[in-house]
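# Results of the structural survey
Residue-level listing of the chains:
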Amino acid sequence: MDFAFTQEEENFRHKLRAWLERTADEVFGAERAALGGSAASLLDITDDEHWRPMLEYHRRLYEAGYAALHWPKQWGGAAASLMEQAIYQDEVLRLGLPVYGANPLAIDRIGPTLMLFGSDDQRRRYLPRMLTAEEIWCQGYSEPNAGSDLASLATRATLDGDHFVVNGQKVWTSLAHRAHMQVLLVRTDPAASRHKGISYLIVDMKGPGVTVRPLKQMTGEGGFSEVFYDNVRVPRENLVGELNGGWKVAVATLMYERASGGTRHPVERAVNELIALAGDVRSGAGPGPRDSRVRQELARLAIDARCLRLNRYRALSAQVHSRAPGPESSLGKLMATELNLRVAAFARELLGPFGLLERGSHAAPEQGQWAHRILAARGLTIAAGTSEIQRNIIGERVLKLPRG
Ligand SMILES: Cc1cc2nc3c(=O)[nH]c(=O)nc-3n(C[C@H](O)[C@H](O)[C@H](O)COP(=O)(O)OP(=O)(O)OC[C@H]3O[C@@H](n4cnc5c(N)ncnc54)[C@H](O)[C@@H]3O)c2cc1C
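About the criteria used
- Residues numbered from 1 in each chain as written.
- Predicted model: local features only at pLDDT ≥ 70, side-chain atom pairs only at ≥ 80, totals over all residues.
- Heavy atoms only, no water.
- Helix = DSSP H or I, 4+ residues; strand = E, 2+ residues; numbered from the N terminus.
- Rg over C-alpha atoms; globule rule 2.2 N^0.38 Å.
- Contact = heavy atoms within 4.5 Å.
- Areas by Shrake-Rupley, 256 points an atom, 1.4 Å probe, with all protein chains shown as cover.
- Core = buried A, V, L, I, M, F, W, Y, C linked by side-chain atoms within 4.5 Å.
- Buried < 20%, exposed > 50% of the residue type's maximum accessible area, 1.4 Å probe, protein only.
- Domains from an automatic or database assignment.
- Expected span 1.5 Å × (residues − 1).
- Phe/Tyr/Trp six-rings, centres within 6.5 Å; stacked < 30°, edge-to-face > 60°.
- Lys NZ or Arg CZ within 6 Å of the ring centre and 35° of its normal.
- Patch = residues over 30% accessible without salt bridge, like charges linked within 9 Å, V, L, I, M, F, W, Y side chains within 5 Å.
- Salt bridge = Lys/Arg side-chain N within 4 Å of Asp/Glu carboxyl O.
- Pairing = 2+ DSSP bridges.
- Near = heavy atom within 4 Å.
- Polar contact = N/O pair within 3.5 Å; in protein donor to acceptor, adjacent residues only side chain to side chain.
- Axes fitted to C-alpha atoms, helices over the stretch in contact; angles between N-to-C directions.
- Parallel < 35°, antiparallel > 145°, perpendicular 65-115°, else oblique.
- Left-handed = near helix turned anticlockwise from the far one by under 90°.
- Nonpolar A, V, L, I, M, F, W, Y, C, P; charged D, E, K, R; others polar.

What follows deals with the overall build of the protein chain. If you tally the helices and strands in the protein chain, you get eleven helices and eight strands. What you see for the protein chain is a C-alpha radius of gyration of 21 Å, in line with the 22 Å of a compact globule of 404 residues. Overall size of the protein chain, expressed as C-alpha extent along the three principal axes, is 70 × 50 × 45 Å. Taking as baseline every contact in the protein chain between residues at least 6 positions apart, the subset at least 24 positions apart corresponds to 74%. Of the roughly 18400 Å² of accessible surface on the protein chain, 53% is carried by carbon and sulfur atoms.

Okay, structure coming up:
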């Protein structure tokens, strides 16, 4: 790939940068100021106070044509070039803004899955409202006894005339408390082998029999929930792909999710902020910037962050060619979330005990954003498949090593 940007691409960047800076200031103004310019906690969508600006930001993103640069024009996307998408991601991450606005699951993985496997009716019905965020989506995969081993899921759906009747429970469902719609993995043939008896349904989260119980994370936010299904009736036309053939559809969604897992986290920005932090000796009770180990570690983090960016550009090329990303998407997800964890751990070391002070404490460095990052970093290595699972996938499916 040639990384030189043409004059046209530079024009695109300038226009986009000006738009993002202006819009972020107008929509998230007070919040950004409180965080010293960082948008680290803008993803806290627990309460309406944070959610309302997120929806407003999304509305503006949509109106400006930036909501889904990678989607084809046919479905309301911008069909942007690879370079424009790379520039968009760089600029959004530079400012620490959410890449896909208020509807990340719909735009990065569920919409593209419907483009591949959905019926024309499903695409026409759902895709436009994903883009506008009139319908927020969530993803019901994990269960109390089915996380890494997803194929052991037990939520049942039985056919009753023109409807499926769903009973069971999901857990860790991000955005469930905000969502209008969900893609749900259910077992439709308990007699078939584990991967064969699964179907992929679209479920109305506001319909009768669906109960959402928010869970609190250790950051104090409530981004995900338990969801219970009690005789929930789902029209048969909400089946995506074939009956009992949902595993293939589910894996496509996961690949999109992992591909974007390598792109969503502003790790390079966090590394740059960490370098600035290390230079400010007064902020830390730990080792300072003259310590050679500190300098070595910062250099290592900066190099890895740059490699991550280059890998992100590579992952984009698969999307530009409208292919579902393959198992190599695990590389970006693993690199991004593990690097993010290392950044947080090193910040904790540099800041000493101050690093654990949360927003609201007068002694918390940079309004407590480091405490938030330190607490949030581990979860990202678990979501979308744990680091161990990504390493298994890379070993078996990318490097073709024998199964362990
Ligand atoms: C922030 C966050 C958001 C999430 N959002 C969603 C969501 O929107 N929708 C959804 O469905 N789920 C979501 N999840 C759930 C997530 O997908 C699961 O937590 C994850 O797949 C791990 O499953 P588990 O928690 O059951 O852990 P387990 O599968 O029980 O794993 C426990 C430990 O065993 C290890 N392990 C398991 N199997 C193997 C193996 N074969 N080889 C090596 N090690 C192994 C794991 O790596 C882990 O360390 C979210 C999770 C988090 C943290």
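Moving on, we get to the nonpolar core. Residues Trp 71, Met 130 and Trp 137 are the most contacted members of the largest nonpolar core, which totals 55 residues. Counting residues per element, this core draws most heavily on helix α1 (residues 7-34), which supplies seven residues. Residue assignment places this core across two domains, with domain 1 (7-97) and domain 2 (137-246) each supplying three or more. Not counting residues within four places of it along the chain, the set of residues in contact with Trp 137 comprises Asn 103, Leu 105, Ala 106, Ile 110, Tyr 126, Met 130, Leu 175, Ala 179, Met 181, Gln 182, Val 183 and Ile 202. Residues Val 267, Leu 298, Ala 305 and Leu 350 belong to the second largest nonpolar core, which totals 19 residues.

This paragraph deals with helix α7 (residues 267-279). If you check α7, its first and last C-alpha atoms are 18 Å apart, about what 13 residues at 1.5 Å a residue would give, namely 18 Å. All buried positions along α7 are accounted for by Val 267, Arg 269, Ala 270, Val 271, Glu 273, Leu 274, Leu 277 and Ala 278.

Below, the discussion takes up the packing of aromatic side chains. Within the structure shown, the criterion is met by five aromatic pairs. With a centroid separation of 5.4 Å and an interplanar angle of 90°, the aromatic rings of Tyr 126 and Trp 137 are classed as edge-to-face. In this pair, Tyr 126 sits in helix α5 (residues 120-131) while Trp 137 sits in strand β1 (residues 137-140), placing the two residues eleven residues apart along the sequence. Linked through ring pairs, Trp 19, Tyr 66 and Tyr 88 together constitute an aromatic cluster. For the cation-ring pair, Arg 13 lies above Phe 5, with the distance from its terminal atom to the ring centre recorded as 4.8 Å.

A contiguous nonpolar patch, built from Val 398, Leu 399 and Leu 401 and spanning about 260 Å² of accessible area, is present on the exposed surface. On the secondary structure map, Leu 399 appears in the segment after α11 (387-398).

With that settled, the discussion passes to the pairing of β1. Successive side chains on a regular strand alternate, one facing one side of the sheet and the next facing the other. By the alternation rule, side chains of β1 split into Trp 137 and Gln 139 and Cys 138 and Gly 140, which are all buried. As judged from the four bridges shared by β1 and strand β4 (residues 181-187), these two strands associate in the parallel manner. Within β4, the residue paired with Gly 140 across the bridge is Leu 184.

Around the ligand sit 17 residues, and of these Ser 142, Ser 148, Trp 172, Thr 386 and Glu 388 come closest. Contact distances for the ligand include 2.7 Å between an oxygen atom and a side-chain N or O atom of Thr 386. Summarising the interface, the protein chains cover 63% of the accessible area of the ligand, which totals 970 Å² for the free molecule. Secondary-structure elements contributing two or more residues to the shell around the ligand are β3 (163-174), α10 (369-382) and α11.

Here we come to the packing of helix α4 (residues 104-117) against α5. It is at 10 Å that the axes of α4 and α5 come closest, and there the two elements cross at 165°. For the element pair α4 / α5, the angle class is roughly antiparallel. Crossing of α4 against α5: the hand is left-handed. Counting all contacts with α4, which are made through Ala 106, Ile 107, Ile 110, Gly 111, Leu 114, Met 115 and Leu 116, the residues of α5 involved are Arg 123, Tyr 126, Leu 127, Met 130 and Leu 131. Its residues placed into classes, the contact of α4 with α5 shows ten nonpolar, one polar and one charged.

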